[in-house]
Amino acid sequence: PQAAFLFFAVVYSHNVRIRLNKTIDDVNHDAYSQSIQQNVTLSMRINNMSMNINGIRIPDSKMAHEATELVRDTESSLLFNHSSRVYYWAALAGQQRGLSVDQELLYIGCMFHDMGLTHEHCSCEKRFEVDGANTAREFMRQYGVSAPDINKVWTAIALHTTPGIPEFMDPVIA
């Protein structure tokens, strides 16, 4: 399947460059970064819910708004901003590849992918990826998200540090 390592985005916001682990090999990274630079100013705050980059916005739903609040209140500002940037880069990479992705699920996956690194959500018995996936699962259950969609997000978060597998799965996972 056509899929990119959306959760493996490593963002260098100081110069708005992107590196994706073994992905988008058919995209000219310089041209891609240049098109993004035209749409992003370095002084922007990523946590602004109304930010629009190449048509990508944070989903305007109760679940997305409350996820933003929870993650902002739980993670350090460094980790919160990282998670926010991961969403924009993942959505942009999917857009560049022409993938059809549920933006709300992608947003939740990106925002919760490092929640297992926080004291509040670390079990200290499991890998941080699993702790983050479990936190996202419990959060999404409160909003009546279907079990298959919860499983997609759970899998995406749990595998986000495991290259070589997600790329062959659903784009939300990849």
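None of these values were measured; they are calculated from a predicted model.

*Asks:* Help me out: how do you make sense of the packing of helix α4 (residues 103–112) against helix α5 (residues 128–141) in this one?
*Replies:* Axis angle and axis distance: for two packed helices, these are the angle between their axes and the distance between the axes, and together they describe the pair. Running from N to C, α4 and α5 cross one another at 135°; their axes reach a closest spacing of 9 Å. As far as their axial angle goes, α5 and α4 are oblique. Here α4 runs over α5; the crossing is right-handed. The segment α4 lies against α5, with L105, I108 and F112 engaging G132, T135, A136, F139 and M140. Its residues placed into classes, the contact of α4 with α5 shows 6 nonpolar, 2 polar and no charged.

*Asks:* Could you clarify how one ought to interpret the nonpolar core in this entry?
*Replies:* The nonpolar side chains of soluble globular proteins are, as a tendency, buried together. Among the nonpolar cores identified, the biggest contains 36 residues, and Y87, I108, F112, M140 and V153 are the most heavily contacted of them. For this core, the secondary structure elements donating two or more residues are α2 (62–74), α3 (77–97), α4, α5 and α6 (147–158). Ranked by residues supplied to this core, first place goes to α3 with 8 residues. Among residues more than four places away in sequence, those in contact with V153 are L105, I108, G109, A136, M140 and V172.

*Asks:* How do you make sense of the environment of T161 when you look at a structure like this?
*Replies:* Mapped onto the elements, T161 comes out in the segment after α6. Judged by relative accessible area, T161 falls into the partly exposed class, the value being 36%. Between the C-alpha atom of T161 and that of H113, which follows or precedes it by 48 residues, the distance is 9.8 Å. A distance of 3.3 Å separates polar atoms of two side chains, one belonging to T161 and the other to R127.

About the criteria used
Residues numbered from 1 in each chain as written. Predicted model: local features only at pLDDT ≥ 70, side-chain atom pairs only at ≥ 80, totals over all residues. Heavy atoms only, no water. Axes fitted to C-alpha atoms, helices over the stretch in contact; angles between N-to-C directions. Helix = DSSP H or I, 4+ residues; strand = E, 2+ residues; numbered from the N terminus. Parallel < 35°, antiparallel > 145°, perpendicular 65-115°, else oblique. Left-handed = near helix turned anticlockwise from the far one by under 90°. Contact = heavy atoms within 4.5 Å. Nonpolar A, V, L, I, M, F, W, Y, C, P; charged D, E, K, R; others polar. Core = buried A, V, L, I, M, F, W, Y, C linked by side-chain atoms within 4.5 Å. Buried < 20%, exposed > 50% of the residue type's maximum accessible area, 1.4 Å probe, protein only. Polar contact = N/O pair within 3.5 Å; in protein donor to acceptor, adjacent residues only side chain to side chain.

Spatial relationships are all this shows, so hold off on functional conclusions.
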